[in-house]
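Residues per chain are reported as follows:
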Amino acid sequence: MIEILVLYYSRHGSTRNVARLIARGIESTGAVARLRTVPELSIAGETKPAVTADDPFVTLEDLKACQGLALGSPVRFGNMAAPLKHFIDSTSKEWLAGTLIGKPAMVFNSGSMLHGGQETTLQSMMLPLLHHGMVIVGLPHSETALHTTTGGGSPYGPSHLTSEARRHPDTDEKALAIAGGKRLADIASKLHP
């Protein structure tokens, strides 16, 4: 059974919504989507409320068990959010062991404004995955929603333009996220039959 880890950080729920759509695409192929998140980081002197996650927190065992990875984050100044980066930075042992070598990976995000760094965030999220030896999977231009989207989505991966109203993904964003999940699962099944 092909199992894809859908790992995300979501502050207000927008990235989580995209993760759920990607999981839907994965599961439409017969593969299993394992949704995981990361905890908030505590900053010295700052009190944070107790974390209540919709999905379990990721473990290093989740990385070992998966045959593919979808990695998602809100846009933070053109980069991934610190809690997700903190987890990625903790994977040195997995890097040394080659745990993720040859596994396919895609990236996704959400951001509150057009031209607010969605594409650079997607590209920067690919860098540690390439260091891990993963095979990057994007969205090909054969996905018609790439030509009609007025919100998120690019060849680098699914995304969601949240706007100030924190709207849900629109029709094109949904189509691209589901298509991305399907594509990731299909490639994982070919690489790891």
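Thresholds applied
Residues numbered from 1 in each chain as written. Predicted model: local features only at pLDDT ≥ 70, side-chain atom pairs only at ≥ 80, totals over all residues. Heavy atoms only, no water. Helix = DSSP H or I, 4+ residues; strand = E, 2+ residues; numbered from the N terminus. Buried < 20%, exposed > 50% of the residue type's maximum accessible area, 1.4 Å probe, protein only. Contact = heavy atoms within 4.5 Å. Areas by Shrake-Rupley, 256 points an atom, 1.4 Å probe, with all protein chains shown as cover. Lys, Arg positive; Asp, Glu negative; His and termini not counted. Charge placed at Lys NZ, Arg CZ, Asp CG, Glu CD. Polar contact = N/O pair within 3.5 Å; in protein donor to acceptor, adjacent residues only side chain to side chain. Pairing = 2+ DSSP bridges. Axes fitted to C-alpha atoms, helices over the stretch in contact; angles between N-to-C directions. Parallel < 35°, antiparallel > 145°, perpendicular 65-115°, else oblique. Left-handed = near helix turned anticlockwise from the far one by under 90°. Salt bridge = Lys/Arg side-chain N within 4 Å of Asp/Glu carboxyl O.

**Student:** Any chance you could explain the overall build of the protein here in plain terms?
**Tutor:** Along the backbone of the protein there are 7 helices and 6 strands. Structurally, the protein occupies a C-alpha span of about 45 × 40 × 25 Å along its principal axes. By residue count, 50% of the 193 residues in the protein fall in the buried class. At a minimum sequence separation of 6, the contacts of the protein that also span at least 24 residues come to 75%. For the protein, the exposed surface amounts to about 9300 Å²; the carbon and sulfur share of it is 56%. On the protein, the mean spot of the 18 positive side-chain charges and the mean spot of the 17 negative ones are 2 Å from each other.

**Student:** Where do I start with the side chain of Glu3 in this structure?
**Tutor:** Along the chain, Glu3 turns up in strand E1 (residues 3–8). Side-chain polar atoms of Glu3 contact the side chain of Arg34, separated by 2.6 Å. Contact partners of Glu3, with chain neighbours within four places excluded, come to Val32, Arg34, Ala65, Cys66, Gln67 and Gly68.

**Student:** What should I look at first to understand the pairing of strand E4 (residues 104–111) in this one?
**Tutor:** Regular strands place side chains that alternate from one sheet face to the opposite one. In terms of residue burial, E4 counts as a mostly covered element, since 8 of its 8 residues are buried. Burial along E4 is two-sided: the residues Pro104, Met106, Phe108 and Ser110 and Ala105, Val107, Asn109 and Gly111 are all buried. Pairing analysis gives 6 bridges linking strand E3 (residues 68–74) to E4, with the strands arranged parallel. By the bridge assignment for E4, Gly72 is matched with Phe108. In the sheet, E4 pairs with strand E5 (residues 135–136) via 2 bridges, with the strands oriented parallel. Note on E5: the bridge partner recorded for Pro104 is Val135.

**Student:** When you look at the packing of helix H1 (residues 14–27) against helix H7 (residues 171–191) in this model, what are you seeing that I'm missing?
**Tutor:** Describing two packed helices takes the angle between their axes plus the distance from one axis to the other. One can describe the packing of H1 onto H7 by two numbers: an axis separation of 7 Å at closest approach and a directional angle of 50°. Judged by the angle between their axes, H1 and H7 are oblique. Note that H1 runs across H7; the crossing there is right-handed. In contact with Val18, Leu21, Ile22, Arg24, Gly25 and Ile26 of H1, H7 contributes Lys174, Ala177, Ile178, Gly181, Lys182 and Ala185.

**Student:** Where do I start with the environment of Glu3 in this structure?
**Tutor:** With relative accessibility at 17%, the residue Glu3 sits in the buried group. The sequence separation of Glu3 and Lys182 amounts to 179 residues, and the corresponding C-alpha distance is 12 Å.

**Student:** When you look at the pattern of salt bridges in this model, what are you seeing that I'm missing?
**Tutor:** Any two side chains of opposite charge can pair, on the condition that their charged atoms come close. On inspection of all chains with the given rule, the structure shows 8 salt bridges. Put simply, Arg11 and Glu40 hold a salt bridge, and the shortest N to O gap is 3.8 Å. Of the two residues, Arg11 is situated in the loop between E1 and H1 and Glu40 in the loop between strand E2 (32–37) and helix H2 (60–65); the sequence distance between them amounts to 29 residues. With a relative accessible area of 46%, Arg11 lands in the partly exposed category. Asp55 is the partner of Arg20 in a salt bridge, and the nearest nitrogen-oxygen pair spans 2.8 Å.

**Student:** Honestly, the environment of Val6 in this entry has me stumped. Any pointers?
**Tutor:** Counting through the fold element by element, Val6 comes out in strand E1. On the accessibility criterion, Val6 (0% relative accessible area) is buried. The sequence separation of Val6 and Ser28 amounts to 22 residues, and the corresponding C-alpha distance is 15 Å. If we skip the residues at most four places from it in the chain, Val6 touches Ala19, Ile22, Ile26, Ala33, Arg34, Leu35, Arg36, Ala70 and Phe108.

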